[in-house]
Amino acid sequence: MARESLEEKKHRAADIIAALKKRYPDVKCALNHSNAYELLVATILSAQCTDVRVNMVTPVLFKKYPAPEALANASQVDVETIIRTTGFFRSKAKSIRESAADIVLKHGGKVPQNMHELTALRGVGRKTANVVLGNAFNQNVGVVVDTHVNRLSNRLALTTHKDPAKIEQDLMKLIPQPQWTLFSHLLIHHGRQICTARNPKCNSCPILNTCPTGPKLIAAANSLASHRKAPNARASHGGA
């Protein structure tokens, strides 16, 4: 693909969003939650873990600890036992308990609604704060850059960076602010369904015509398939 201007890249990003919205009209946050507290805890637990696994754990956790006050006073061992299958359960248990304690002591039991105060909580980085602000409070403060957004934004040539902070800055220049949260959901969902890390389903991709990487992957796959067939063809010819 020829070098694009910023405006050209913005138009292509708009086409990508339109196509993905049509493909995934009901896309939303994959972490089950009913309030900001639950979403914050679920997002912390989702580090190095699948959303499916987190959603299996949180119903038990939230039934026993339905509010920050309860979680702040919870036993470390009890919390570890409940969240064990999410991985790194000791540090995660400490993070959600200490975050809950800070919410109670510093914020009157309410999850803060700004980036500065959220990222001051234990276990909360910019990505987690963006998830909470965008989905619990409808504030498009930034773009969530997880492994799927990182992979797809590079494949789509919307960025050349690998560092999430730099990727986020590139995407914020291309995507209209009201769509920042939606854009993350679309790329995450597409990354799980079609544009997987291994063996992406490029032939069934709704944004293949706007992707500079997809045609290359298809060509490489076709070339590999032809190469694998060639020895059999020669053997058959020689035997005749």
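Look above for the structure.
Throughout, residues of each chain are indexed from 1 in the direction in which the sequence is written. Note on the predicted model: pLDDT of at least 70 is required for a residue's local features to be given, and 80 or more for side-chain atom pairs to be given and counted; whole-chain, interface and lining totals, by contrast, use all residues. In computing side-chain values, all of the structure's heavy atoms are included and hydrogens and water are not.

Even without being a glycine, Gln48 presents a positive backbone phi close to 55 degrees. Helix and strand labels come from DSSP, where a helix needs a run of H or I of at least four residues and a strand needs a run of E of at least two; each type is numbered from the N terminus. Within the fold, Gln48 resides in the loop between helix H2 (36–45) and helix H3 (51–64). The backbone of Phe88 shows a phi angle near 50 degrees, a positive value even though the residue is not glycine. Tracing the chain through its elements places Phe88 in the loop between helix H5 (76–83) and helix H6 (89–107).

Further remarks concern the side chain of Asn150. As for its placement among the helices and strands, Asn150 is situated in helix H9 (residues 147–155). For Asn150, the side chain forms a polar contact with the main-chain oxygen of Lys162, separated by 3.0 Å. Counted as a polar contact is a pair of N or O atoms within 3.5 Å, where, for protein atoms, one must be capable of donating a hydrogen and the other of accepting one, and residues adjacent in sequence contribute only when both atoms are in side chains.

The next subject is the packing of aromatic side chains. Stacked, edge-to-face and tilted are the three classes for Phe, Tyr and Trp ring pairs, Trp counted by its six-membered ring, which pair at centre distances within 6.5 Å; planes under 30 degrees apart are stacked, over 60 edge-to-face, the rest tilted. Counted under the stated rule, the structure contains 1 aromatic pair. Between Tyr37 and Phe62 the ring centres are 5.8 Å apart and the planes differ by 55 degrees, which places this aromatic pair in the tilted class. Taken together, the residues Tyr37 in helix H2 and Phe62 in helix H3 connect sequence positions 25 residues apart. Here Tyr37 and Phe62 have matching classes, each one buried. A simple rule labels every residue: compare its accessible area, found with a 1.4 Å probe on the protein chains alone, to the largest value its type can have, and call it buried under 20%, exposed over 50%, or partly exposed in between.

Between its first and last C-alpha atoms H6 spans 26 Å; for 19 residues at 1.5 Å apiece the expected length is 27 Å, and the two agree. Taken together, the buried positions of H6 are occupied by Phe89, Lys92, Ala93, Ser95, Ile96, Arg97, Ser99, Ala100, Asp102 and Ile103. Any two residues whose heavy atoms approach within 4.5 Å are treated as being in contact. Residues of H6 that are buried sit in contact with H2, H3, helix H4 (68–72) and H5. Positioned one or two residues after H6, Gly108 has a phi angle of 65 degrees, which is positive. Residue count minus one, scaled by 1.5 Å, sets the expected span of a helix.

Simply put, an axis is a line fit to the C-alpha atoms, just over the touching stretch for a helix, and the angle between two N-to-C directions goes from 0 to 180 degrees. Packing of H5 against H6 leaves a shortest axis separation of 9 Å and a crossing angle of 120 degrees. With respect to H6, the axis of H5 lies oblique. Between H5 and H6 the crossing geometry is right-handed. Judged by residue contacts, Gln76, Val79, Glu80 and Ile83 of H5 engage Phe89, Arg90, Lys92, Ala93, Lys94, Ile96 and Arg97 from H6. Here the term charged refers only to Asp, Glu, Lys and Arg, the term nonpolar to Ala, Val, Leu, Ile, Met, Phe, Trp, Tyr, Cys and Pro, and the term polar to all other amino acids, Gly among them. In the contact of H5 with H6, the residues fall into 5 nonpolar, 1 polar and 5 charged. Small angles under 35 degrees read as roughly parallel and large ones over 145 as roughly antiparallel, with 65 to 115 read as roughly perpendicular and the rest as oblique. It is the rotation of the near helix from the far one that decides the hand of a crossing: anticlockwise by less than a right angle makes it left-handed, clockwise makes it right-handed.

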